[in-house]
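Below, each chain spelled out in residue letters.
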Amino acid sequence: MELGKIPLYLTNICKEIFKKENMEFKKILCCVSIIFSSIVAVIGFVSVVVSVYIGDISVRILLVIIAVLFSVLSYYSFVRLHKRKEMVGLLVFTVIVFLVAYCLPMFPPEYGLRQYDLDASILKFMMTSVFLVVIGIAGASFSMKPLYKFTSKSSEASAYYILIASILLILYPLAIIIGNIISSGIGGISWEFLTQDVRRHGTQGGILPALIGSLLIMTGTALIALPLGIGSAVYLHEYAKKGKTVRIIRIAVDILQGTPSIVHGLFGLALFVPIFGISLLSGILIMGFLTLPIIIRASEEALKSVPQNLREGSYAVGATKWQTIRRVVLPPALPGIITGGVLGLGRAAGETAPIMFTAVVFMGAGVPTTIFNPIQALPYHLLELTKYIGAYPVEQNAWATAFLLLAIVLGINAMAIIIRERYRVEF
């Protein structure tokens, strides 16, 4: 066969493949492309996780196979589906993959970055693995297009695939962190650890005063933040007239919610500590300020979810505004309000910066007898233990403290989810 006739010969083969009686080939090709692209993404992700570079040749082979698959998909889109505009996206992706397959393995393993204490071979390994993940996910997403003939259903399927892949990528490090804390810390949980005070810089003893101090901080924060937060939300949504003042208040709440926690701590150091000293009361007040905007915004959103016609129906039968709020609006909004409050308290349980300036000490505080005594708290206790790692054998107690703190925070968040699902009202 003459070399000049090879393109014509290949074209005739493709036309024969894409005949109507062979239309199942479309599904097979798209499914193969989706599966192979997903495998490439998994290979890139696993390569990062286990810190093993699969090699330049393997990378090039994987990318070339993807590029060839998309070349065939582009041809199918043009010949059988007559989607010329849509085919451009596939062609662009194919060209990009070919270029990456050609250029990426050619990068040298060393970049002369030793002066920055960075091994450039690791940089190349990370860059290559990330490219494999991105190209794999994008390839599987693009493969949905010809499978559903570039209809709106193809866009929906592509979006679902990208969202699911993103969720899995996010959940993996989260699972690793939680699993590592559980496996390393659960062995240090004992009766002695839960019932004794810390001794010898954390090498001995336990966390009883820190545990009680954290519970007292959460209780006091709830007593201050929940009534003020819910009352503020009710006023802003039910009573206040829409205008510049309400907008300014909402902007101030959003700014307060976005303020770094350490700024709250410095504020408490300047305002409360000169009056109440380093004490439980100072910590409760500053944690109340920290939690208040979360509760206000969550409560206001819960109130917004109650339909206006329920209020109008209540007014129509002669109920006053307060009777309408108390008996008609608050009951269906209560699950959302409680959820926001519990989530705010969960944040208060894990914060360190606000209380380290206002309320806590590492050792010697014991169980407080009044609100004017300093306390010990789990987040600050863990922070101090990490300072002694290497100088004293405190690792086991540090992991056990982290495990207990994680269990408290996750338990509070789980409680919020249960309350929301148990008492959710659909309108």
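Note that residues are indexed from 1 along each chain, following the sequence as it is written. Per-residue local features are limited, in this predicted model, to residues with pLDDT of at least 70; the limit for side-chain atom pairs, both in listing and counting, is 80 or more; totals at the level of whole chains, interfaces and linings are taken over all residues. Hydrogens are left out, water is left out, and the side-chain values use all remaining heavy atoms of the structure.

S.K.: Can you walk me through the overall build of the protein in this structure?
M.R.: Here a strand is any run of E in DSSP of at least two residues, a helix any run of H or I of at least four, and the numbering for each starts at the N terminus. Summing up its helical and strand segments, the protein has 17 helices and 2 strands in all. Taken across its 427 residues, the protein has 40% of its residues classed as buried. Contacts between residues were defined by any pair of non-hydrogen atoms, one from each residue, lying within 4.5 Å. Taking all contacts inside the protein whose residues are at least 6 apart in sequence as the whole, residues at least 24 apart take part in 73%. Of the roughly 23000 Å² of accessible surface on the protein, 70% is carried by carbon and sulfur atoms. Exposure is judged per residue with a 1.4 Å probe applied to protein chains only, and the accessible area is read against the type maximum: over 50% gives exposed, under 20% gives buried, and values in between give partly exposed. The accessible surface values rely on the Shrake-Rupley method and a 1.4 Å probe; as for residues, cover is taken only from the protein chains in view.

S.K.: Whenever I open this one, the packing of aromatic side chains confuses me. Can you help?
M.R.: For any pair of aromatic rings, the description rests on two quantities: the centre-to-centre distance and the angle between the ring planes. Here a Phe, Tyr or Trp ring, Trp counted by its six-membered ring, pairs with any other such ring whose centre lies within 6.5 Å, and the pair is stacked when the planes are under 30 degrees apart, edge-to-face when over 60, and tilted otherwise. Evaluation of the coordinates by the stated rule reveals 6 aromatic pairs. Aromatic pair Phe267 and Phe272: ring centres 6.1 Å apart, planes at 85°, arrangement edge-to-face. With a centroid separation of 6.4 Å and an interplanar angle of 35°, the aromatic rings of Phe276 and Phe372 are classed as tilted. In this pair, Phe276 is assigned in helix H11 (residues 273–276) and Phe372 in the loop between helix H15 (353–356) and helix H16 (378–388), connecting sequence segments 96 residues apart. A relative accessible area of 29% means that Phe276 is categorised as partly exposed. A ring has a charge above it when a Lys NZ or an Arg CZ is no more than 6 Å from the ring centre and no more than 35 degrees off the ring normal. For the cation-ring pair, Lys321 lies above Tyr239, with the distance from its terminal atom to the ring centre recorded as 5.7 Å.

S.K.: Whenever I open this one, the confidence of the model for the protein confuses me. Can you help?
M.R.: For residues with low pLDDT, the predicted coordinates do not support detailed interpretation. By definition, pLDDT measures how confident the predictor is in each residue, and it falls between 0 and 100. Per-residue confidence for the protein gives a mean pLDDT of 80; residues scoring 70 or more make up 85%. Contacts from residues 110–118, a stretch scored under 50 in pLDDT, to residues over four places away or in other chains number 8 contacts.

S.K.: I'm lost on a nonpolar patch on the surface in this one. Help?
M.R.: Only residues whose relative accessible area exceeds 30% and that take part in no salt bridge are eligible for patches, with like-charged residues grouped when within 9 Å of each other and nonpolar side chains (Val, Leu, Ile, Met, Phe, Trp, Tyr) grouped when within 5 Å. When a carboxyl oxygen of Asp or Glu is within 4 Å of a side-chain nitrogen of Lys or Arg, the pair counts as a salt bridge. On the surface, Val42, Val46, Val49, Val50, Val52, Tyr172 and Ile176 cluster together into a nonpolar patch covering about 550 Å² of accessible area. Elements that contribute at least two residues to the nonpolar patch include exactly helix H2 (24–50) and helix H6 (152–185). Among the elements that line the nonpolar patch, the one with the most residues is H2, at 4 residues. Among the structural elements, Ile176 can be located in helix H6. On the accessibility criterion, Ile176 (44% relative accessible area) is partly exposed.

S.K.: Sorry if this is basic, but what is going on with helix H8 (residues 208–239) here?
M.R.: Owing to its 3.6 residues per turn, the α-helix aligns residues three or four sequence positions apart on the same side. For H8, with 32 residues, the first-to-last C-alpha span of 45 Å sits near the 46 Å given by 1.5 Å per residue. Working definition for bend: take the seven residues up to and ending at a residue and the seven starting at it, fit an axis to each, and measure the angle between the axes. Of all the bends in H8, the greatest, near 30°, is centred on Ala225, and the proline Pro227 appears no more than four residues after it. What a helix should span is 1.5 Å times the count of its residues minus one.

S.K.: Explain the side chain of Ser37 here, please?
M.R.: If you trace the backbone, Ser37 turns up in helix H2. For Ser37, a relative accessible area of 1% translates into the label buried. Residues contacting Ser37, with those up to four places away along its chain left out, are Ile66, Phe70, Gly136, Gly139 and Ala140.

S.K.: What is the right way to read the packing of H8 against helix H14 (residues 321–350) from this model?
M.R.: Helix-helix packing is described using two parameters, namely the angle between the two axes and the distance between the axes. What counts as an axis is a line fitted to C-alpha atoms, over the stretch in contact for a helix, and the angles between N-to-C directions run from 0 to 180 degrees. In the contact formed by H8 and H14, the axes pass within 9 Å of each other and the chain directions differ by 140°. One finds that H8 runs oblique with respect to H14. The two elements H8 and H14 cross, and the hand of that crossing is right-handed. Residues Met218, Thr221, Ala222, Leu226, Ile230, Val234, Glu238 and Tyr239 of H8 form the contact with H14, whose participating residues are Lys321, Trp322, Ile325, Val329, Leu330, Ile337, Gly341, Leu345, Ala348 and Ala349. Residues are grouped as follows: nonpolar covers Ala, Val, Leu, Ile, Met, Phe, Trp, Tyr, Cys and Pro; charged covers Asp, Glu, Lys and Arg; every other residue, Gly included, is treated as polar. Residue classes in the contact of H8 with H14 are distributed as 14 nonpolar, 2 polar and 2 charged. If an angle is under 35 degrees, it is roughly parallel; if it is over 145, roughly antiparallel; if it lies from 65 to 115, roughly perpendicular; otherwise it is oblique. Crossing handedness: left-handed means the near helix sits turned counterclockwise from the far one by under a right angle, and right-handed means the same turn made clockwise.

S.K.: What's the story with the nonpolar core in this structure? I'm lost.
M.R.: For soluble globular proteins, the rule of thumb is that nonpolar side chains tend to be buried together. Leu63, Ile66, Val97 and Ile135 are the most contacted members of the largest nonpolar core, which totals 30 residues. Looking at this core, the elements that each hand over two or more residues are H2, helix H3 (56–79), helix H4 (84–103), helix H5 (120–147) and H6. No other element matches the 8 residues that H3 contributes to this core. Apart from residues lying up to four places away in sequence, Ile135 is in contact with Leu63, Ile66, Phe93, Val97 and Val100. Grouped together as the second largest cluster of nonpolar side chains are 26 residues, Leu280, Leu281, Leu290 and Tyr380 included. For this analysis, a nonpolar core means a set of buried residues of the types Ala, Val, Leu, Ile, Met, Phe, Trp, Tyr and Cys, connected via side-chain atoms within 4.5 Å.

S.K.: Looking at this structure, how should I read the packing of H14 against helix H17 (residues 395–422)?
M.R.: Following both chains from N to C, one finds H14 and H17 inclined at 175°, their axes separated by 8 Å at the closest point. What the angle tells us is that H14 and H17 run roughly antiparallel. Contacts between H14 and H17 involve Pro335, Ile338, Thr339, Val342, Leu343, Leu345, Gly346, Ala349 and Gly350 from the former and Leu405, Ile408, Val409, Ile412, Asn413, Ala416, Ile419 and Arg420 from the latter. Among the residues forming the contact of H14 with H17, the class breakdown is 12 nonpolar, 4 polar and 1 charged.

S.K.: What should I look at first to understand the pattern of salt bridges in this one?
M.R.: As a working rule, side chains carrying opposite charge can pair if their charged atoms are close by. Taken as a whole, this structure holds 7 salt bridges when the rule is applied. With its nearest N and O atoms 3.4 Å apart, the salt bridge here joins Glu300 to Arg297. Here the residue Glu300 and the residue Arg297 both occupy positions in helix H12 (residues 280–304), the gap between them amounting to 3 residues, near one helical turn. Of the charged contacts in the structure, one is a salt bridge between Glu384 and Lys387, with a shortest N-O distance of 3.0 Å. Note that Glu384 and Lys387 are positioned in helix H16 at a spacing of 3 residues, about one turn of the helix. Salt bridges sharing partners connect three or more residues here, namely Arg250, Asp254, Arg297 and Glu300.

S.K.: Sorry, what's going on with H6 here?
M.R.: Helix length check: H6, at 34 residues, gives a terminal C-alpha distance of 49 Å against a target of 50 Å (1.5 Å per residue), a fit within 8%. If you check which residues of H6 are buried, you get Ser154, Ala157, Ser158, Tyr161, Ala165, Ile181 and Gly185.

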